[in-house]
Amino acid sequence: MTISKSEQLFSRAQNSIPGGVNSPVRAFKSVGGNPIFLKNARGAYLFDADGNKYIDYINSWGPMILGHAYTPVVEAIQKKAADSTSFGAPTELEVEMAELVKSLVPNVDLVRMVSSGTEACMSALRLARGYTGRNKFIKFEGCYHGHADPFLVKAGSGVATFNIQTVPGVTGGVSNDTLTCAYNDLDAVQQLFAENKGEIAAIIIEPVAGNMGCILPKEGFLEGLRRICTDEGAVLIFDEVMTGFRLAPGGAQERLKIDADLVTYGKVIGAGMPVGAFGGRLEIMKQIAPLGSVYQAGTLSGNPLAMIAGYTLLQELKNNPGIYTELEEKCAYLKAGLQRVLEASGTPFVINQLGSMISVHFSDHPVTDFASAASANNALFNKFFHAMLRRGVYLPPSAYETWFLSNALTQEDLDATIKATEESLKEIL
Ligand SMILES: *Cc1c(COP(=O)(O)O)cnc(C)c1O
């Protein structure tokens, strides 16, 4: 048996990188097998070190909304690189980027750039705490807000995938201020506020969750959170790292017509470069240094290559709002096709979808929170993942991740995905 290049690279990687990967979910540990090492990508397709081609439903976990190696973005980065890759001093491009974000998200008065979604969320939480003078905050089971200490409590994504209950290194002093309850459970939120009167600085939530598969907010849930935060003087933080600029030009806030007080971004905002951002109402944002004393900083924040990539992508999205209609149509087509072949297979399933986020749970009950996602047949998902991969369809390697569509997908790609699903189900059931 010949050993593939990916296998060779993975065994070599394990000698110098923890687990052979720079981010845990990439390791395929939960779905079993070895990760595939990628070489390049173009449009809707990934190519691995062995020359295999895959239709991509990860899209770098969201940023590649217009497909890989999108020419205007690539050219803008190349041109910008010639002017130096970093200054650590202000540039006009950062002003243009902030103005562009503000034009897309009307309730953002000020926005600060950082280099990851993690940084955006941890900074937004610090700001909410500094602004309210309170320590505690609420997050929802199965939501992921990056890997900063306070968020690693009942977190989604890799933390859920690897079933890590408590993270060594996160002290009780930190995690005791993290209050959690089930997604979509407004009564539980009310209860937490009643039990912690005047102590809760913020609620942070993925307005559409993507780190326990795709899970939609129930009718009235986000509206309820908005009302409670206003009544209790707490800050409502929408973590739009996945949904920002994806569900609509103005993200989930626009799509679901609810205004948060602070919003965090990542993924799409950097077009695949390391970018995050947090922004919101002037009254809160003016507490950030150097305007106020809530300290937050970054040597590479507003990096010119990262900014030009994000700026170019966001500008394309702004100028062509039809992209969102196309994405929605593609996702609806995929959903209908998946529904058809899944029904024919006889296996219980749930498909949750909004805009270009979609996921399949092998579940006989509705999937509305982490518990219902966790009680689906995720062992079957793991088999499904490999069966799809063998047929050239690259899904996220965990049932606790949403799939992201790119607008580079063609009708043929979607048909091939549906056909691969039909064949995979025949193979694994
Ligand atoms: C990916 C993600 C993060 C963390 O972003 P990083 O860039 O990986 O640090 C935070 N929140 C949500 C909702 C995410 O999906």
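Residues numbered from 1 in each chain as written. Predicted model: local features only at pLDDT ≥ 70, side-chain atom pairs only at ≥ 80, totals over all residues. Heavy atoms only, no water.

For the chain, an unreviewed UniProt entry supplies the name Glutamate-1-semialdehyde 2,1-aminomutase and the organism Flaviaesturariibacter flavus. The record held by UniProt for the chain lists under Catalytic activity (unreviewed entry) the comment "(S)-4-amino-5-oxopentanoate = 5-aminolevulinate". (UniProt positions renumbered as here; feature names shortened; annotations may be inferred.)

**Quick notes on the overall build of the chain**
A tally of helices and strands in the chain yields 15 helices and 14 strands. Relative to its length of 429 residues, the chain is compact, with a C-alpha radius of gyration of 21 Å against a globular reference of 22 Å. Across its three principal axes, the chain shows a C-alpha extent of roughly 60 × 55 × 45 Å. Sorting the 429 residues of the chain into buried and exposed places 56% on the buried side. In the chain, 72% of the contacts between residues at least 6 apart in sequence involve partners at least 24 apart. Split by element, the accessible area of the chain, about 17,900 Å² in all, is 52% carbon and sulfur. The centroid of the 36 positive side-chain charges in the chain is displaced by 3 Å from the centroid of its 44 negative side-chain charges. (Helix = DSSP H or I, 4+ residues; strand = E, 2+ residues; numbered from the N terminus. Rg over C-alpha atoms; globule rule 2.2 N^0.38 Å. Buried < 20%, exposed > 50% of the residue type's maximum accessible area, 1.4 Å probe, protein only. Contact = heavy atoms within 4.5 Å. Areas by Shrake-Rupley, 256 points an atom, 1.4 Å probe, with all protein chains shown as cover. Lys, Arg positive; Asp, Glu negative; His and termini not counted. Charge placed at Lys NZ, Arg CZ, Asp CG, Glu CD.)

**Let's talk about the site of the ligand**
Inspection of the region around the ligand gives Ser 116, Gly 117, Thr 118, Tyr 144, His 145, Gly 146, Glu 206, Asn 211, Asp 239, Val 241, Met 242 and Lys 267 as its neighbouring residues. Asp 239 places a side-chain nitrogen or oxygen 2.6 Å from a nitrogen atom of the ligand. A distance of 2.6 Å separates an oxygen atom of the ligand from a polar side-chain atom of Lys 267. Protein contact buries 83% of the 380 Å² of open area that the ligand shows by itself. (Near = heavy atom within 4 Å. Polar contact = N/O pair within 3.5 Å; in protein donor to acceptor, adjacent residues only side chain to side chain.)

**Observations concerning the nonpolar core**
Residues Phe 140 and Phe 245 are the most contacted members of the largest nonpolar core, which totals 115 residues. Both of domain 1 (4–69 + 321–428) and domain 2 (71–319) provide at least three residues apiece to this core. With near-sequence residues (within four places) excluded, Phe 140 lies in contact with Lys 154, Cys 181, Ala 182, Tyr 183, Val 189, Ile 203, Ile 204, Ile 205, Phe 221 and Leu 225. Counting 22 residues, the second largest nonpolar core, distinct from the first, contains Ala 120, Ala 124, Ile 204 and Val 294. (Core = buried A, V, L, I, M, F, W, Y, C linked by side-chain atoms within 4.5 Å. Domains from an automatic or database assignment.)

**Description of the environment of Leu 334**
If you trace the backbone, Leu 334 turns up in helix H12 (residues 322–345). Overall, Leu 334 belongs to the buried group, its relative accessible area being 0%. Separated by 295 residues in the primary sequence, Leu 334 and Lys 39 have C-alpha atoms spaced 27 Å apart. Sequence-distant contacts of Leu 334, that is, excluding residues within four places in its chain, are made with Tyr 57, Ile 358, Leu 405, Leu 414, Thr 417 and Ile 418.

**Re the packing of aromatic side chains**
If you walk through the whole model with that rule in mind, you get 13 aromatic pairs. Members of the aromatic cluster, each reached through a chain of ring pairs, are Phe 28, Tyr 54, Phe 385 and Tyr 394. One Lys or Arg, Lys 53, reaches over the ring of Tyr 45 and ends 4.1 Å from the middle of that ring. (Phe/Tyr/Trp six-rings, centres within 6.5 Å; stacked < 30°, edge-to-face > 60°. Lys NZ or Arg CZ within 6 Å of the ring centre and 35° of its normal.)

**Considerations on a nonpolar patch on the surface**
A cluster of nonpolar side chains, Leu 110, Leu 282 and Leu 291, forms an exposed patch at the surface whose accessible area comes to about 270 Å². Structurally, the position occupied by Leu 291 is in the loop between helix H10 (282–285) and helix H11 (304–319). (Patch = residues over 30% accessible without salt bridge, like charges linked within 9 Å, V, L, I, M, F, W, Y side chains within 5 Å. Salt bridge = Lys/Arg side-chain N within 4 Å of Asp/Glu carboxyl O.)

**Re the domain arrangement of the chain**
Per the domain assignment, the segments of the chain are domain 1 (4–69 + 321–428) and domain 2 (71–319). For domain 1 versus domain 2, the separation of C-alpha centres amounts to 25 Å. Each side of the interface is counted separately: domain 1 has 37 residues, and domain 2 has 40 residues. Broken down residue by residue, the surface that domain 1 buries against domain 2 is led by Tyr 324, Leu 354 and Met 357, which jointly contribute 22%. One can count 1 salt bridge joining domain 1 with domain 2. (Buried area = accessible area lost by both parts, 1.4 Å probe.)

**Some points on the packing of helix H3 (residues 92–104) against H11**
Axis separation between H3 and H11 bottoms out at 10 Å; the angle between their running directions is 35 degrees. The handedness of the crossing between H3 and H11 comes out as left-handed. Judged by residue contacts, Leu 93, Glu 94, Glu 96, Met 97, Leu 100, Val 101, Ser 103 and Leu 104 of H3 engage Pro 304, Met 307, Ile 308, Gly 310, Tyr 311, Leu 314, Gln 315 and Lys 318 from H11. When the residues that make up the contact of H3 with H11 are grouped by side-chain class, the tally is 10 nonpolar, 3 polar and 3 charged. (Axes fitted to C-alpha atoms, helices over the stretch in contact; angles between N-to-C directions. Left-handed = near helix turned anticlockwise from the far one by under 90°. Nonpolar A, V, L, I, M, F, W, Y, C, P; charged D, E, K, R; others polar.)

**Observations regarding helix H8 (residues 221–232)**
Each α-helix winds once per 3.6 residues, and so residues spaced three or four apart point in a common direction. Under the 1.5 Å per step criterion, the end-to-end length of H8 is 16 Å for 12 residues, consistent within 8% with the ideal 16 Å. Every buried residue belonging to H8 is among Phe 221, Leu 222, Gly 224, Leu 225, Arg 226, Ile 228 and Cys 229, and all of these are buried. Note on H8: the residue one or two positions beyond its end, Gly 233, has a positive phi of about 65 degrees. (Expected span 1.5 Å × (residues − 1).)

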